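Coordinates in review
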Amino acid sequence: MRNIIIALLLLPLLAILQSTLLPYFSWHSKIKLDLVLVIVLSWNLVYPNRESILWALIGGLMMDSLSGSHMGTSVTALVTASLIANLGSSRVWSSHIILRISVAIAGSIIYYLVYFLLLATTGWRTDWTNLPIDNLLRSIPINVLLMMLILPPARWLALRITRQDVDI
Amino acid sequence: MYQNKLQRNVILSATIIGIGILLLSLSYRGSLNQFKGLISTMITPLQVHIYSIVEPLFTYEQRAPEELVNLNATLTTENAILRSENIRLNETIYERDMLAALLNYTQLDNVHTYLTANVIGKDTSSFLQYIIINIGTTGGVQRDMPVVTHAGLVGIINEATPRASKVLLLNSDQMAINVKVQNSRAHGVLFGQASKDMRLRYILLDATIKSGDLVVTSGLGGSLPANILVGEIASVRSRAYDVFQEAEVLPLVDLDGIEIVMIITDFTPTDLNPLLSTPIPDDL
């Protein structure tokens, strides 16, 4: 339950920061940092719990309410991406840097692909040729970097708020 | 046990994806406007508060006293009205020449009433070009109202909740505006693009357009008032074997650094749908 309360307090704030603060760091739209995506992926990696998947639902709802897209677009994309992190994590490998980088890259790619697909499905004019350069290449390196910075405090928080279950 | 946990997580994810698709479907039909408005109403005060903290940190100019800020807002509005008036006068000269022989011509009044709003956020998605402003339906903003600055057109209100509104920017690839080139009177359609620049299309080959020409709204289609400054032609592509010529247009408004906008509140877009759906008589 504490997991959900933290999500309800943290994710609206992060979505607002993504909308208000991060545009100042976009260097004329040259890079794009997806704070909510990175936080949700990181949390699912350090704490692969059922409740952690609900982070994607809460984060997606907040993202959609601050976006011109249809409600449900970010929710679906974010849950799909967080499932990758959730499945990719295990007690042994979740702290390995290769897994972290892989999850950040795979999660970002899946998020953008699903989001773009849903935009196209709901009638938005979409240019698939610009997707790799305009979004993936400009976002993924910064998402990976941010994830590396966020994971240690996320792990610390996960250990603080919950007792670690032992999987046998 | 680990496998069971994994299985439960997958089932939960699939359920939430199902919920997401259901939300998407309902939103597509317009059934979730109230829900979206409710969330927006809850988070807008926090967004305004955070913006008021964040914005001064990244605004390098020295903060002016409040009187100067208010004076600046008044002058900015006056400037917008004067620019609009200037365009109207230029248009009047052209129209006078064209319509001098006609009687009972009614000149459209192009002086608008404005509502000033602060930009409090941008779209959270990198695929979409929206800004969020701090005035909504309770402040008199409605969907489809044009949004401008003293420099020219910014976009249109795409969604209005009680306390905030979303503005679709003119360089969005969802945007298509009927425009004319002021010098040559050539009409065309201005499209936003994913690369965030704008392309002017469907200009007849015999029209003379060149770099530096100003592009203004034509008013055709009734979705925007006529004669709002939109941009400046940067380059022209004209080939003899093409049906139309094209031009690259740069917006006159700095759409990345925009902080204050004005909403034209006295313009009602014309709904052409009833005309389009008029049945064609059988004898035609």
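Residues numbered from 1 in each chain as written. Chains lettered and ligands numbered in written order. Predicted model: local features only at pLDDT ≥ 70, side-chain atom pairs only at ≥ 80, totals over all residues. Heavy atoms only, no water.

**What to know about the overall build of chain B**
As a reminder, the rule being used: Secondary structure is summarised from DSSP: a helix means a run of H or I of at least four residues, a strand means a run of E of at least two, and numbering begins at the N terminus for each. Between buried and exposed lies partly exposed: a residue is buried under 20% and exposed over 50% of the maximum accessible area for its type, with that area taken using a 1.4 Å probe on protein chains only.
The secondary structure content of chain B amounts to four helices and twelve strands. By the burial criterion, 44% of the 284 residues in chain B qualify as buried.

**Looking at helix α2 (residues 33–58) of chain B**
Since one α-helical turn is 3.6 residues long, residues separated by three or four positions face the same way. Here is the rule: We define the bend at each residue as the angle formed by axes fitted to the 7 residues ending at it and the 7 residues starting at it.
By the largest-angle criterion, B:Ile43 marks the main kink of α2(B), which is about 40 degrees, and a proline, B:Pro45, follows within four residues. Of all the residues in α2(B), the buried ones are B:Lys36, B:Gly37, B:Ile39, B:Ser40, B:Ile43, B:Thr44, B:Gln47, B:Ile50, B:Tyr51, B:Val54 and B:Glu55.

**Details of a nonpolar patch on the surface**
To be explicit about the condition: For patch building, the residue pool is restricted to those with more than 30% relative accessible area and no salt bridge; the joining distance is 9 Å between like charges and 5 Å between nonpolar side chains (Val, Leu, Ile, Met, Phe, Trp, Tyr). Shrake-Rupley sampling with a 1.4 Å probe provides the accessible areas, and residues are treated as covered by the protein chains on show and by no other component. When a carboxyl oxygen of Asp or Glu lies within 4 Å of a side-chain nitrogen of Lys or Arg, that pair is called a salt bridge.
The grouping of B:Tyr202, B:Leu204, B:Val243 and B:Phe244 at the surface amounts to a nonpolar patch, some 410 Å² of accessible area in total. Within the secondary structure, B:Leu204 is located in strand β8 (residues 198–204).

**Side note on the sheet that holds strand β11 (residues 244–251) of chain B**
Residue and element names in this part refer to chain B. Stated precisely, the cut-off is as follows: By definition, two strands form a pair when at least two bridges between them are found by DSSP. Note on method: axes are straight lines fitted to C-alpha atoms, helices fitted across the in-contact stretch only, with angles between N-to-C directions ranging 0 to 180 degrees.
Strand order in the closed barrel formed by six strands is β6-β7-β8-β11-β10-β9, and the pairing between neighbours is antiparallel. Ignoring strand direction, the axes of neighbouring strands in this sheet form an average angle of 40 degrees. Where strand β7 (residues 187–192) meets β8, four bridges bridge the pair, whose relative direction is antiparallel. Pairing of Gly192 across the sheet is with Met198, part of β8.

**Remarks on the pattern of salt bridges**
Two side chains bearing opposite charge may form a pair once their charged atoms approach each other closely. Residue and element names in this part refer to chain B. Under the counting rule described, the total for this entry stands at nine salt bridges over all chains. A salt bridge links Glu246 to Arg199; its shortest N-O distance comes to 3.0 Å. Of this pair, Glu246 sits in strand β11 while Arg199 sits in strand β8, and the two are 47 residues apart along the sequence. For the salt bridge of Arg201 with Glu246, the shortest nitrogen-to-oxygen distance reads 3.6 Å. Of this pair, Arg201 sits in strand β8 while Glu246 sits in strand β11, placing them 45 residues apart in sequence. Judged by relative accessible area, which is 18%, Glu246 ranks as buried. The network of salt bridges with common partners includes Arg199, Arg201, Arg237, Glu246 and Glu248.

**Points about the sheet that holds strand β12 (residues 260–264) of chain B**
All names here are of chain B. We apply this condition: Contact between two residues is taken to exist if any of their heavy atoms lie within 4.5 Å; hydrogens are not considered.
Pairing is antiparallel in the closed barrel, where six strands are placed in the order β1-β2-β5-β4-β3-β12. Along the sheet, successive strands turn relative to each other by an average axial angle of 45 degrees, direction set aside. Pairing between strand β4 (residues 152–160) and strand β5 (residues 165–169): five bridges, direction antiparallel. Directly across from Ile156, in β5, lies its bridge partner Leu168. Together, β1 (114–122), β2 (130–133), β4 and β5 form the strand contacts of α2, whose direction differs from that of β1 by roughly 85 degrees.

**Some remarks on unusual backbone geometry**
Residues and elements named next belong to chain B. Even without being glycine, Asp144 reaches a positive phi, approximately 80 degrees. Assignment of secondary structure puts Asp144 in the loop between β2 and β3 (146–149). The phi angle at Tyr202 is positive, at roughly 60 degrees, despite the residue not being glycine. Structurally, Tyr202 can be placed in strand β8. The exposure class of Tyr202 is partly exposed, given its relative accessible area of 45%.

**Some details on the packing of helix α2 (residues 35–46) of chain A against helix α5 (residues 97–121) of chain A**
Residues and elements named next belong to chain A. Stated precisely, the cut-off is as follows: Just so you know how the angles are binned, under 35 degrees is roughly parallel, over 145 roughly antiparallel, 65 to 115 roughly perpendicular, and the rest oblique. Note: crossing handedness is left-handed where the near helix turns anticlockwise from the far helix by less than a right angle, and right-handed where it turns clockwise.
It is the contact of α2 with α5, at a shortest axis distance of 10 Å, that shows an interaxial angle of 135 degrees. As summarised for this structure, α2 and α5 are arranged oblique, according to the angle between their axes. In the packing of α2 onto α5, the handedness of the crossing is right-handed. On α5, the residues that touch Leu37, Leu41 and Leu45 of α2 are Leu99, Arg100, Val103, Ala104, Gly107, Ser108 and Tyr111.

**Comments concerning the environment of B:Pro251**
Residue and element names in this part refer to chain B. Assignment of secondary structure puts Pro251 in strand β11. Judged by relative accessible area, which is 25%, Pro251 ranks as partly exposed. With 38 residues separating them in the primary sequence, Pro251 and Asp213 have C-alpha atoms 12 Å apart. Not counting residues within four places of it along the chain, the set of residues in contact with Pro251 comprises Leu170, Met198, Val230 and Gly231.

**Section: the confidence of the model for chain B**
So the rule is basically this: Confidence scores labelled pLDDT are given residue by residue by the predictor and lie between 0 and 100.
Of the residues in chain B, 86% have a pLDDT of 70 or more, and the chain-wide mean is 82. Note on the complex model: pTM 0.77, ipTM 0.82.

**Notes on the interface of chain A and chain B**
Quick note on the threshold: Once two parts are brought into contact, the accessible area they lose, counted with a 1.4 Å probe and summed over both, makes up the buried area. Residues are grouped as follows: Ala, Val, Leu, Ile, Met, Phe, Trp, Tyr, Cys and Pro are nonpolar; Asp, Glu, Lys and Arg are charged; all remaining types, including Gly, are polar.
Contacts between the two partners involve 61 residues from chain A and, on the opposite side, 50 residues from chain B. Here chain A meets chain B over a buried area of about 5,000 Å², counting both sides, of which 66% is carbon and sulfur. If you sort the residues of chain A by the area they bury against chain B, A:Tyr24, A:Met71 and A:Arg125 come out on top, with a joint share of 15%. Run the count over chain A and chain B and you get zero salt bridges. For the side of chain A that touches chain B, the secondary-structure elements that each account for two or more residues are α1 (2–20), α3 (50–65), α4 (73–88), α5 and α6 (131–161) of chain A. If you tally residues by element for the side of chain A that touches chain B, the top one is α3(A), at nine residues. When its residues are assigned to classes, the side of chain A that touches chain B shows 30 nonpolar, 22 polar and nine charged.

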